[in-house]
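# Structure at a glance
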Amino acid sequence: MSKVSYYTEEGLKKLRAEFEQLRDVERPKASQDIADARDKGDLSENAEYDAAKEAQGMLEMRLAKLEQVVANARVIDESQLDTSKVLIHSKVRLKNVKMNQEMTYKLVAQSEADLKAGRISVDSPIGKGLLGKEAGDTVEIEVPNGKITFEILEVSRD
């Protein structure tokens with residue numbers, strides 16, 4: 001059974017665009033690369049042919065994964081999000097209790113995560129630790145470097 005993933009409209013458009021690029025441009029190019037390498041002679045000693053076949057295999061794996069993700073993707077209407085608790089696509093303002101430092105993150109699907117843009121995956125340790133919590137809650141989250149205590153200051157939409 002496939003896992004349903006929730007995306008913003010923009011995130012799903014990017015996924016579909018990548019899928020179409022791989023399917024319509026990269027797949028024919030990979031087939032042509034194999035044909036070109038095959039034309040160069042003996043396949044048993046043709047490293048170019050082996051490399052082209054390997055690249056095609058990796059491309060087909062990526063295409064199959066993307067196809068599955070796109071098929072199971074759902075767009076979230078962010079205007080309908082409950083802001084009383086942290087959910088996917090919530091914007092969360094936090095305070096690192098130990099460092100006395102504030103930060104704001106938006107929880108998104110893994111493929112949309114971009115830490116520089118303040119978008120963290122709901123599958124990350126911090127994302128998992130925040131899900132279901134409310135403003136005013138203090139949470140202790142296990143991360144690779146140990147435990148971090150956050151105070152949730154605000155939960156909102158964009």
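Here is what the cut-offs are and how they apply
Residues numbered from 1 in each chain as written. Predicted model: local features only at pLDDT ≥ 70, side-chain atom pairs only at ≥ 80, totals over all residues. Heavy atoms only, no water. Core = buried A, V, L, I, M, F, W, Y, C linked by side-chain atoms within 4.5 Å. Buried < 20%, exposed > 50% of the residue type's maximum accessible area, 1.4 Å probe, protein only. Helix = DSSP H or I, 4+ residues; strand = E, 2+ residues; numbered from the N terminus. Axes fitted to C-alpha atoms, helices over the stretch in contact; angles between N-to-C directions. Parallel < 35°, antiparallel > 145°, perpendicular 65-115°, else oblique. Left-handed = near helix turned anticlockwise from the far one by under 90°. Nonpolar A, V, L, I, M, F, W, Y, C, P; charged D, E, K, R; others polar. Expected span 1.5 Å × (residues − 1). Contact = heavy atoms within 4.5 Å. Pairing = 2+ DSSP bridges.

## Quick notes on the nonpolar core
Grouped together as the largest cluster of nonpolar side chains are 18 residues, with contacts concentrated most on L94 and L130. Among the secondary structure elements, those contributing two or more residues to this core are β3 (91-96), β4 (101-108), α3 (125-130), β6 (138-143) and β7 (146-156). In terms of nonpolar packing, the next biggest core, distinct from the first, is built from twelve residues, L15, F19, A73 and A109 among them.

## Focus on the packing of helix α1 (residues 9-38) against helix α2 (residues 47-71)
Helices that pack against each other are described as a pair by the angle of their axes relative to one another and the distance between those axes. Packing of α1 against α2 leaves a shortest axis separation of 9 Å and a crossing angle of 160 degrees. With respect to each other, α1 and α2 are oriented roughly antiparallel. In this structure, α1 crosses over α2, and the sense of that crossing is left-handed. Its residues assigned to classes, the contact of α1 with α2 shows 13 nonpolar, two polar and twelve charged.

## Remarks on α2
Given 3.6 residues per helical turn, the α-helix brings residues three or four places apart onto the same face. End to end, α2 covers 36 Å across 25 residues, agreeing with the expected 36 Å (1.5 Å per residue, within 8%). Along α2, the residues that are buried comprise Y49, A52, Q56, L59, L63, L66 and V70. Looking at the buried side of α2, the elements it contacts are α1 and β2 (73-75).

## Focus on unusual backbone geometry
Of note, the phi angle at H89 is positive, near 75 degrees, even though the residue is not glycine. Mapped onto the elements of the fold, H89 is located in the loop between β2 and β3.

## Topic: the pairing of β7
Looking at chain direction, β3 and β7 are connected through six bridges and run antiparallel. In the sheet register, V92 faces β7, and the bridge partner there is V155. Taken together, the six bridges between β6 and β7 define a ladder with antiparallel strand orientation. Bridge pairing in β7 links V143 to G146. Hairpin remark: β6 followed by β7, antiparallel, with two residues in the connecting loop.

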